[in-house]
Amino acid sequence: MNNHTHSILIIGNDKQAFSIAADMLLNGHPVEIKTDDTEAAHAYLRQHVFEKANDINPEKLTVMTYLPQQIRQTMLIAVTAEDLRTKKSLIKQLESRISPDSMIALNLEGLSLQQVTEEARYPDRVLGLNFTYPAHTTLFMEIVVSEVVKGEYTERLQLIGKRLWKKDLYVVCSGFSIRARMFAAMVREALYLVENGYASVESVDRSCRNDAGYYLPFAGNFRYMDLMGTYSYGVVMETLNTDLADQQDVGSLLPGLLKDGKTGMSNGAGFYPYANGETEAWERIVHEFSTEIRKLMEKFPITFES
Amino acid sequence: MREYHTEKITIGVVGLGLMGSSIVVSLLASGHQVLALGPLPGENETAAGHISDLLRHAERSGFLPRGIERSLSLLQLVRRYEDLRDCKVVLECVVEDKAIKETVYRKIAAVVSEQAVIASNTSAIPISELQQLVPRPERFLGVHWAEPAYATRFLEITCGRQTAPETADYMTELGERWGKEPTLLRKDIRGFITNRLMYAVYREALTLIEAGHTTIGDADKAFKYDVGSWITLMGIFRRMDLMGLKDYAESFRVLFPDLSNTHEVPAVMQRLVELRGRGIHNQTGLYTYSDQDLKVWEEAFAQFNADIYRLAARYTEEELNTKNERSLTGL
């Protein structure tokens, strides 16, 4: 099967979906993207695909606001908001339009595969699929499956992810995202420090950038321990593990921001304020940096083995 | 009144091991007069050679604006604590031994002014504990560096229970003049900011691994390729702003109650503590290593370090502000 000529259908309304579309286009796939924001989709793909790679035929991209009655693609990638009803209803919508050998791959953060496929007719072909924004410049790919998922779909996605999309991917078989949980643990600790007056948001971010930022692109957490001298981390855990944050709720800072309409860069404010033009500047810097750090990561393939 | 001009501030550094020497070079690079004291026999002599090497490295890497000659002229290696009397700040960088540190603090405090700041680079002993050994404890705090001190932006300032806020503010201000991006831990807590964040991740990952949901290698892929792809550029709060807070808040609402809260040391780590496993250094770690691996990893890491310092230097807060202005004005 000549996978890279196969069209992929992407469903999503935000830049995460657009960056996945960019990734697929740059990997040679024809892409159809179903989105509510066609203007933003076109703008993103123009900026990050067609203006950067002149050998990609713009006709390979179709942007639409509706889902076709018959979906011809066998690989569907969806990015939705973190909402169970939204995910469930999308799966329902897709299932009535796709062929029997098609797979539905959608983003999963806090929700589990079991939850989102509770009402699915064919849960054996629904997988979790997570990328890191911007998807076309990063190597991250997390496939989430459960024992219900048919092995051939997992294998198909693994194969194409590794061979064509060049991701150093991994598969989680327990039906939930481990990336989401590890990140949640980090944020929970950070929120604890900030909400209890130990450190400011700025201090936390500086610590991240100037400590972890100098080794994480080279080595994940456990490889780094082995580089630094593993057992000393165990010694620290003896006392530190008894002291780490353990709050069960999201606290007051985050909900407070949302209540004030501060939902992040796209809205002019989040944890930080954003003046006119700053969001666009950040997007540009993020894409620029992502390309550079990827080059640096690829310089050290020794670390790709696990 | 506090002095902020580095040229007018004499700083003492006590303890001239690898870290102390590196810190000396960072201070020289920032224009300070530095009085460096190695308490151990022969320490000054060894340090002199090492500091020279580091100055050369700093100059080659573009971290020594005044050049080697001028920077060296700002340095004095001293043998007696009395020679530190004019220091406005003294940084203690001796071994992680409370008794030894206590002696050092006593000797420093006996000669410097009452307003002089005394700081420790300790990463093992709680600041509040050390603070109790220092005369006039309100002027004592932790100032923690990363290696090499003259090339990294990292600086964590930790307040002990008795540290005066004004002392912390002063050191934060100085830290910025040293070209650092200082972080401040305002109240006494176990661990540093970065430690606590990463150990929270370790705890969760190891819990998932122990339960068979993932492996050491996959957990590393998860963090390296996700967080590792942006954390040099932006911290977690900035990243969440970029991606949008609504979905994060919702996912945290679901996930926080599910995260590991264990107080135990995971079995795999406990075993390595018992074996004194130092990873690549004695081929006993979380991964397996062959005889050749140590050299390969060390060389790769050294090369990566050189590269990441260069890359990170182009994306410092200062650089980002410049880039932002440029795009706002359309230049």
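About the cut-offs
All residue numbers refer to position in the chain's written sequence, counted from 1. Whichever chain is written first is A, and whichever ligand is written first is 1; the rest continue in order. pLDDT decides what is reported in this predicted model: residues at 70 or higher carry local features, side-chain atom pairs at 80 or more are listed and counted, and totals for whole chains, interfaces and linings draw on all residues regardless. Heavy atoms throughout the structure, all of them, feed into the side-chain values; hydrogens and water do not. Definition of nonpolar core: a set of buried residues of the types Ala, Val, Leu, Ile, Met, Phe, Trp, Tyr and Cys, connected through side-chain atoms within 4.5 Å. Relative accessibility decides the category of a residue: with a 1.4 Å probe and only protein chains considered, values under 20% of the type maximum give buried, values over 50% give exposed, and everything between is partly exposed. Per the convention used, a helix needs a DSSP run of H or I reaching at least four residues, while a strand needs a run of E reaching at least two, with both numbered from the N terminus. Working rule for contacts: check all heavy atoms of both residues, and any pair within 4.5 Å makes them a contact. DSSP calls a pair of strands paired once it identifies at least 2 bridges connecting them. When the strands point away from the viewer, a crossover counts as right-handed if the path from the first strand over the helix to the second runs clockwise. In short, buried area is how much 1.4 Å probe accessible area vanishes from two parts on joining, totalled over both. For this analysis, a salt bridge means a side-chain nitrogen from Lys or Arg found within 4 Å of a carboxyl oxygen belonging to Asp or Glu. Within 3.5 Å is the distance limit for a polar contact, defined as a pair of N or O atoms, with the added protein rule that one can donate a hydrogen and the other accept it, and that residues adjacent in sequence qualify only through two side-chain atoms. Three classes are used: nonpolar for Ala, Val, Leu, Ile, Met, Phe, Trp, Tyr, Cys and Pro, charged for Asp, Glu, Lys and Arg, and polar for all others, with Gly counted as polar. Confidence of the predictor in every single residue is expressed as pLDDT, which spans 0 to 100.

## Thoughts on the nonpolar core
The biggest cluster of nonpolar side chains holds 162 residues, and the ones touching the most others in it are A:Leu157, B:Ile236 and B:Phe237. For this core, the leading source of residues is helix 6 (residues 178-195) of chain A, giving twelve residues. When near neighbours in sequence (up to four residues on either side) are disregarded, A:Leu157 contacts A:Met75, A:Met103, A:Ala105, A:Leu127, A:Leu129, A:Met141, A:Ile143 and A:Trp165.

## Overview of the pairing of strand 1 (residues 10-14) of chain B
Residues and elements named next belong to chain B. In terms of residue burial, strand 1 counts as a mostly covered element, since five of its five residues are buried. Alternating residues of strand 1 divide into Thr-10, Gly-12 and Val-14 and Ile-11 and Val-13, and every residue in both groups is buried. Here strand 1 runs beside strand 2 (residues 33-37); their pairing, made up of five bridges, is parallel. Among the inter-strand pairings, Ile-11 is bridged to a residue of strand 2, identified as Val-34. Handedness of the crossover is the feature at issue here: the chain leaves strand 1, passes through helix 1 (residues 18-29), returns alongside strand 2, and the resulting connection is right-handed. Taken together, the four bridges between strand 1 and strand 4 (residues 89-92) define a ladder with parallel strand orientation. Its bridge partner lying in strand 4, Val-14 is registered against Glu-92.

## As for the interface of chain B and chain A
Between chain B and chain A, the contact holds 121 residues from the first and 122 residues from the second. Taking both sides of the interface into account, the surface hidden between chain B and chain A amounts to around 12100 Å²; carbon and sulfur atoms contribute 67%. Counting across the interface, chain B meets chain A through twelve salt bridges. Where chain B packs against chain A, one counts 56 residue pairs in polar contact (both at pLDDT 80 or more). Broken down by element, the side of chain B that touches chain A gets its largest block of residues, 16 residues, from helix 7 (residues 193-210) of chain B. Along the lines of polarity and charge, the residues of the side of chain B that touches chain A split into 61 nonpolar, 29 polar and 31 charged.

## Details of the confidence of the model for chain B
Per-residue confidence for chain B gives a mean pLDDT of 93; residues scoring 70 or more make up 98%. Taken together, the chains of this predicted complex give a pTM of 0.93 and an interface ipTM of 0.97.

## With respect to helix 10 (residues 245-255) of chain B
Taken as a whole, helix 10 of chain B has its buried residues at B:Leu245, B:Tyr248, B:Ala249, B:Ser251, B:Phe252 and B:Leu255. Each element contacted by the buried residues of helix 10 of chain B is listed here: helix 6 and helix 10 (253-259) of chain A together with helix 9 (236-243) of chain B.

## Regarding the pattern of salt bridges
Scanning the model with the defined rule gives 38 salt bridges over all chains in all. In this structure, the salt-bridge partner of A:Glu189 is B:Arg196, at a minimum N-O distance of 2.8 Å. Taken together, the residues A:Glu189 in helix 6 and B:Arg196 in helix 7 connect one chain to another. Classification of A:Glu189 by relative accessible area gives buried; the value is 1%. Linking B:Glu176 and A:Arg206 is a salt bridge whose minimum nitrogen-to-oxygen distance equals 3.6 Å. One end of the pair, B:Glu176, is in helix 6 (residues 165-177); the other, A:Arg206, is in helix 7 (residues 201-210), on a second chain. The exposure class assigned to B:Glu176 is partly exposed, which follows from its relative accessible area of 41%. Judged by its relative accessible area of 14%, A:Arg206 falls in the buried class. What you see here is one network of salt bridges that share partners, running through A:Arg206, A:Arg209, B:Glu176, B:Glu181 and B:Glu317.

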